[in-house]
Amino acid sequence: MNINLALFFGIMVSSSLIARLSIDLLQSKSALDEVLNELGAAQPPALAIELRKLFSYTSAGYSLLGMIYYDLTRSSFGRKQAGIIVAETFTTGCALDDCIDQGGYPVDKKISLLRGLHDTISTGNLSSEYFSPKVHAISLLAQNTHRQLSYAPKPDLFFQASGRVIDFMIRQIQGEQSLSFSEEFGAATMTLPITLPACYNESVPPHLLESAKCLGASLQLTDDVMDYEEDQRQGNCTFMTCASDPSATRTHAQRRSNELYQKSLDLLSPDERKAIETMSFLSAVHGFLFSNGILKSIKGLI
């Protein structure tokens, strides 16, 4: 079949999903704009622009993948609010990761920053210590996430899940690295969105949770492989930068990543699998929907 014709049919078949994902993306961006506008005169205008760009290019892809898994839980919790929380959470995490990598802070300051952010997510309290206007803005986003979950019957489930991700970030800063560590880190990150239904006393199908873990682990491995040169320049500790034989480690990690990606699909029903496979297809055809990181990760899998 002609490739253009194949793409046309693929897009037509996926049109409803594309529409849904576009709405998710626009609603999430609009919600973030509202939060960033609240910063107003307290923050430099350039900072809000920077965080908007960070959402557009870094966390949007993860947010949309997370919302697919959220949809598959068939939760009665409002999609718009869920999309806002997911977008804020991933933007907060990506902004924090960027700040840690680029901020030039010593290890103890990085750990203090991470623990302070977790406290803000869990309690809604802002730290009295800020390292920069950007960190302050990140904290305000985290505080807003806490507010939106404060009326849930079991908000601590989401706060604890966020805490596990932050704990992985701290352990990585402290020098912990291995293939299995990277897998666990990615798994913890991708399961955040489907923790939301449980906060509202709704059950989450175990197979969806396991599938999300496998996909998150797969993406994290691929991301570490793809970012090897950049991480090496920045002095970031990953299983790739610490490998005695980077070439052999890359081959092993790519094989393992493919295995995890396939397992994430095998755990799903045919209809559920179609949603994830469609997202992979869209990531290759419609790169504008995704960050560079998520696009590189999925391209490494297909």
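Residues numbered from 1 in each chain as written. Predicted model: local features only at pLDDT ≥ 70, side-chain atom pairs only at ≥ 80, totals over all residues. Heavy atoms only, no water.

J.: How would you sum up the pattern of salt bridges? Please name residues and give values.
T.: Summed over all chains, the structure comprises 6 salt bridges. A salt bridge links Arg256 to Glu259, with the nearest nitrogen and oxygen atoms 3.6 Å apart. In this pair, Arg256 and Glu259 are both assigned in helix H12 (residues 246–266), 3 residues apart and thus about one turn of the helix distant. Here the salt bridges do not stand alone but share partners, grouping Asp167, Arg171 and Glu176 into one network. (Salt bridge = Lys/Arg side-chain N within 4 Å of Asp/Glu carboxyl O. Helix = DSSP H or I, 4+ residues; strand = E, 2+ residues; numbered from the N terminus.)

J.: Can you break down helix H5 (residues 107–123) residue by residue, with the values?
T.: Residues lying three or four places apart along an α-helix face the same way, a consequence of the helix completing one turn every 3.6 residues. For H5, built from 17 residues, the straight-helix expectation of 24 Å at 1.5 Å per residue is met to within 8% by its first-to-last C-alpha distance of 24 Å. Every buried residue belonging to H5 is among Lys110, Ile111, Leu113, Leu114, Leu117, Thr120 and Ile121, and all of these are buried. Its buried side turned inward, H5 meets helix H4 (79–102), helix H6 (133–149) and helix H7 (156–173). Positive backbone phi, approximately 85°, marks Gly124, located one or two places after H5. (Expected span 1.5 Å × (residues − 1). Buried < 20%, exposed > 50% of the residue type's maximum accessible area, 1.4 Å probe, protein only. Contact = heavy atoms within 4.5 Å.)

J.: Summarise the confidence of the model for the protein chain; cite the residues concerned and give the values.
T.: For the protein chain, the average pLDDT comes to 75, and 70% of its residues sit at 70 or higher. Confidence, read as mean pLDDT per element, is least for helix H1 (residues 3–13) in the protein chain (37) and greatest for helix H8 (residues 179–190) (93). Counting contacts from residues 283–302, a segment whose pLDDT is below 50, to residues more than four positions away or on other chains yields 51 contacts. (pLDDT = per-residue confidence, 0-100.)

J.: Help me get a handle on the packing of aromatic side chains, residues and values and all.
T.: With the rule as written, the count across this model stands at 4 aromatic pairs. Taken together, the ring pairs in this structure connect Phe168, Phe181 and Phe185 into an aromatic cluster. (Phe/Tyr/Trp six-rings, centres within 6.5 Å; stacked < 30°, edge-to-face > 60°.)

J.: Tell me what's going on with the environment of Tyr200, and back it up with residues and numbers.
T.: Tracing the backbone through its elements, the reader meets Tyr200 in the loop between helix H9 (196–199) and helix H10 (206–226). We classify Tyr200 as partly exposed; its relative accessible area is 22%. On a C-alpha basis, the gap between Tyr200 and Lys154 in space is 6.3 Å, while along the polypeptide they are 46 residues apart. With residues up to four places along the chain from it excluded, the contact list for Tyr200 reads Phe77, Gln81, Gln148, Leu149, Ala152 and Pro153.

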